[in-house]
Amino acid sequence: MAKPLQVEVYNPNGKYRVISTKSMPGTRWINLLIEQDCRLEICTQKKTILSVEDIISLIGDRCDGVIGQLTEDWGETLFSALSRAGGKAFSNMAVGYNNVDVNAANKYGVAVGNTPGVLTETTAELAASLSLAAARRIVEADEFMRAGLYDGWLPHLFVGNLLKGQTVGVIGAGRIGSAYARMMVEGFKMNLIYYDLYQATRLEKFVTGMSYGQFLKANGEQPVTWKRASSMDEVLREADVEAILINCSRGPVIDEVALVEHLRANPMFRVGLDVFEDEPYMKPGLSEMKNAIVVPHIASASKWTREGMATLAALNVLGKIKGYPIWGDPNRVEPFLDENSPPPAACPSIVNSKALGLPVSKL
Ligand SMILES: NC(=O)c1ccc[n+]([C@@H]2O[C@H](COP(=O)([O-])OP(=O)(O)OC[C@H]3O[C@@H](n4cnc5c(N)ncnc54)[C@H](O)[C@@H]3O)[C@@H](O)[C@H]2O)c1
């Protein structure tokens, strides 16, 4: 028999057994669980990505809920194992849940939590950082400097792109896309073209309306413009940052083999990637491309955000175990994050609450 995975146990006599497949930042999430009579087991095994078999062994014969990670494959096998162990609650520590088969969770009556509302600005800031780093060739220049190659100022040395007055294109102007658009419009006075299935009314109003548009006018500056494109192709055609592509969403939205070919054929085209098609691997050739900036899926990696995600994931699981209703607006989760008062008696965000017929909180 395989050796059991290493775990750290908190409050061993707690009534509800909750597993976290990884250690997570902060301690508030741990305290919230143990104060509410949970026995918490945190997997401390030195293995970055746990397999389905690993997680089955952690769940064991009796388990009330699991906090898991986006690197894990939560499908039929794990939800049936959790259900057999008496568990009715799972939460991803992520806003995205493309690693979760929600239909399988519905079949076994398991609530699936996620953590919206705390990643938006942090993720948008990383997208903005990658945009700047790509436009101004920061990583290439840093490598050049460290290699001792700098022997004096030159007119052509690492010439990049000016963002001011150019057009930024956003595909998917939801929470993160809109926050990123605002940063680029407000910070660098870029015009905006976006494509989304829905109209981003608040974003449009921000660009031209009372807030930023008026501010620019009052300061005698050129107003910035926005346009909703009717297709993704239109965004690519009209956006000036077509020479710069940023992906902070999920790896498979980009064909990485085609990207490597394009980077090779067009040295002035630059890309900033936080996520990869076959994460954690990069397609052959990508790591050698000077015009690519690659970072290891760190878009949500600010202390505030990661601690907030841990808290929300723990409260999703705890809330379901306790039979609490679902919070009315998953984007307004501040009451759950206030360290000076107990969190509301609700689950912050359960993505299959409608399918499971769970009641909505009146708080
Ligand atoms: N890299 C990271 O660490 C990281 C962190 C947070 C979120 N994410 C990812 O970022 C993405 C966006 O997160 P969010 O919180 O802004 O989500 P969101 O739901 O608020 O926004 C997504 C937007 O995309 C639009 N959309 C969906 N399908 C589309 C299509 N085919 N064409 C055009 N638009 C489409 C939706 O209408 C919506 O406005 C998710 O994929 C999430 O998993 C990544």
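Just above, that's the structure.
Residues numbered from 1 in each chain as written. Predicted model: local features only at pLDDT ≥ 70, side-chain atom pairs only at ≥ 80, totals over all residues.

Q: Sorry if this is basic, but what is going on with the sheet that holds strand β10 (residues 244-247) here?
A: Whenever strands of a sheet pair, they do so through backbone hydrogen bonds, lying parallel or antiparallel. The parallel open sheet is built from three strands, whose spatial order is β10-β11-β12. Edge positions in the sheet fall to β10 and β12 (292-294), since each of these pairs with one other strand and no more. Shown here is a sheet whose adjacent strand axes are inclined to one another by a mean of 10°, direction ignored. When β10 meets strand β11 (residues 270-273), the two strands line up parallel, connected through four bridges. Its bridge partner being in β11, Ile244 is matched across the sheet by Arg270. (Pairing = 2+ DSSP bridges. Helix = DSSP H or I, 4+ residues; strand = E, 2+ residues; numbered from the N terminus. Axes fitted to C-alpha atoms, helices over the stretch in contact; angles between N-to-C directions.)

Q: Looking at this structure, how should I read the environment of Asp37?
A: Here Asp37 shows up in the loop between α1 (28-35) and β3 (38-43). In this structure, the C-alpha to C-alpha distance between Asp37 and Leu318, residues 281 residues apart in sequence, is 9.8 Å. Aside from chain neighbours lying at most four places away, what touches Asp37 is Gly14, Lys15 and Tyr16. (Contact = placed C-beta atoms within 7 Å.)

Q: I'm lost on the site of the ligand in this one. Help?
A: Neighbouring residues of the ligand: 24 residues in total, closest Gly96, Gly172, Gly174, Ile176 and Ala299. Tallying contributions element by element places helix α7 (residues 175-188) first for the shell around the ligand, with three residues. Here the shell around the ligand is built from residues that sort into twelve nonpolar, eight polar and four charged. (Near = placed C-beta within 6 Å. Nonpolar A, V, L, I, M, F, W, Y, C, P; charged D, E, K, R; others polar.)

Q: Looking at this model, I keep getting lost on α7. Mind explaining?
A: For the α-helix, the turn length of 3.6 residues means that residues three or four positions removed from each other point alike. The end-to-end C-alpha distance of α7, which contains 14 residues, comes to 20 Å, matching closely the 20 Å that a straight helix rising 1.5 Å per residue would cover. On its buried face, α7 is in contact with α5 (120-135), β7 (167-171), β8 (191-195), α8 (201-208) and α9 (212-218). Directly after α7, the chain includes Lys189, whose backbone phi takes a positive value near 50°. (Expected span 1.5 Å × (residues − 1).)

Q: Sorry, what's going on with the packing of helix α2 (residues 52-59) against helix α3 (residues 76-84) here?
A: It is at 10 Å that the axes of α2 and α3 come closest, and there the two elements cross at 5°. The angle between α2 and α3 falls in the class roughly parallel. For the pair α2 and α3, contact is made by Val52, Ile55, Ile56 and Ile59 and by Thr77, Leu78, Ala81 and Leu82, respectively. (Parallel < 35°, antiparallel > 145°, perpendicular 65-115°, else oblique.)

Q: When you look at the pairing of β7 in this model, what are you seeing that I'm missing?
A: Of all five residues in β7, four are buried; the element is thus mostly enclosed. Examined bridge by bridge, β7 and β8 share five bridges and lie parallel to one another. Bridge pairing in β8 links Val170 to Tyr194. Handedness of the crossover is the feature at issue here: the chain leaves β7, passes through α7, returns alongside β8, and the resulting connection is right-handed. (Buried ≥ 20, exposed ≤ 12 C-beta atoms within 10 Å, placed from the backbone. Right-handed = clockwise from strand over helix to strand, strands pointing away.)

Q: What should I look at first to understand the sheet that holds strand β4 (residues 65-68) in this one?
A: The strand order β1-β3-β2-β4-β5-β6 describes an open sheet built from six strands, whose pairing is mixed. Strands with a single pairing partner mark the edges of an open sheet, and in this sheet they are β1 (7-10) and β6 (111-113). For this sheet the average axis-to-axis angle between neighbouring strands, irrespective of direction, equals 15°. Of the strand pairs in this sheet, β4 and strand β5 (residues 89-92) are connected by four bridges, and their pairing is parallel. In the strand pairing of β5, Gly68 is matched with Asn92.

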